[in-house]
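Single-letter residue listing:
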Amino acid sequence: MSGVTQNVGQMLRSMVTLVSHAPGRVVCEMKVEEEHANVGGTLHGGLTATIVDDISTLALLCTERGVAGVSANLDITYMSPAKIGEDVVITAYVLRQGKTLAFASVDLTNKATGKLIAQGRHIKYLGSG
């Protein structure tokens, strides 16, 4: 896939590093910095949702069809905090891609412990096919 890093949102480019990609799958990493945190000193939930949105879209761009689509539904489950200074692994994969809809899942895990921080599900409308 050519130019995959150009497709990461402008805001995320400075904080997320692409580790690997394969058809329908992307793995990235980031370190939680002070500017990514809420007042409690943990990864902000809104930023987590943005990461799920953008990185799942990147996984869709890694498919043969290569269409980003538009969000139809975005669901995030927050399971544990990621504190300032911790490294987070972001794994996105396409679960299914049809003519008009695509379904993706994203896991954010603590790199040191493997503990699940958040999981997102993203449904995207791809057009009329």
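It should be emphasised that the depicted structure is a prediction, and the values quoted were computed from it without experimental measurement.

**Student:** What should I look at first to understand the pairing of strand S5 (residues 101–110) in this one?
**Tutor:** Both faces of the sheet carry side chains from a regular strand, because those side chains alternate between them. Counting buried positions along S5 yields eight of 10 residues, so the element is predominantly enclosed. The pairing of strand S4 (residues 87–97) with S5 spans nine bridges and is classified as antiparallel. Within S5, the residue paired with valine 94 across the bridge is alanine 104. Between S4 and S5, which pair antiparallel one after the other, the connecting turn spans three residues. Both S5 and strand S6 (residues 116–125) contribute to a ladder of nine bridges, which runs antiparallel. Its bridge partner being in S6, valine 106 is matched across the sheet by glycine 120. Count of turn residues in the S5/S6 antiparallel hairpin: five residues, of which glycine 114 carries a positive phi of about 80 degrees.

Conventions adopted
Residues numbered from 1 in each chain as written. Predicted model: local features only at pLDDT ≥ 70, side-chain atom pairs only at ≥ 80, totals over all residues. Heavy atoms only, no water. Buried < 20%, exposed > 50% of the residue type's maximum accessible area, 1.4 Å probe, protein only. Helix = DSSP H or I, 4+ residues; strand = E, 2+ residues; numbered from the N terminus. Pairing = 2+ DSSP bridges.

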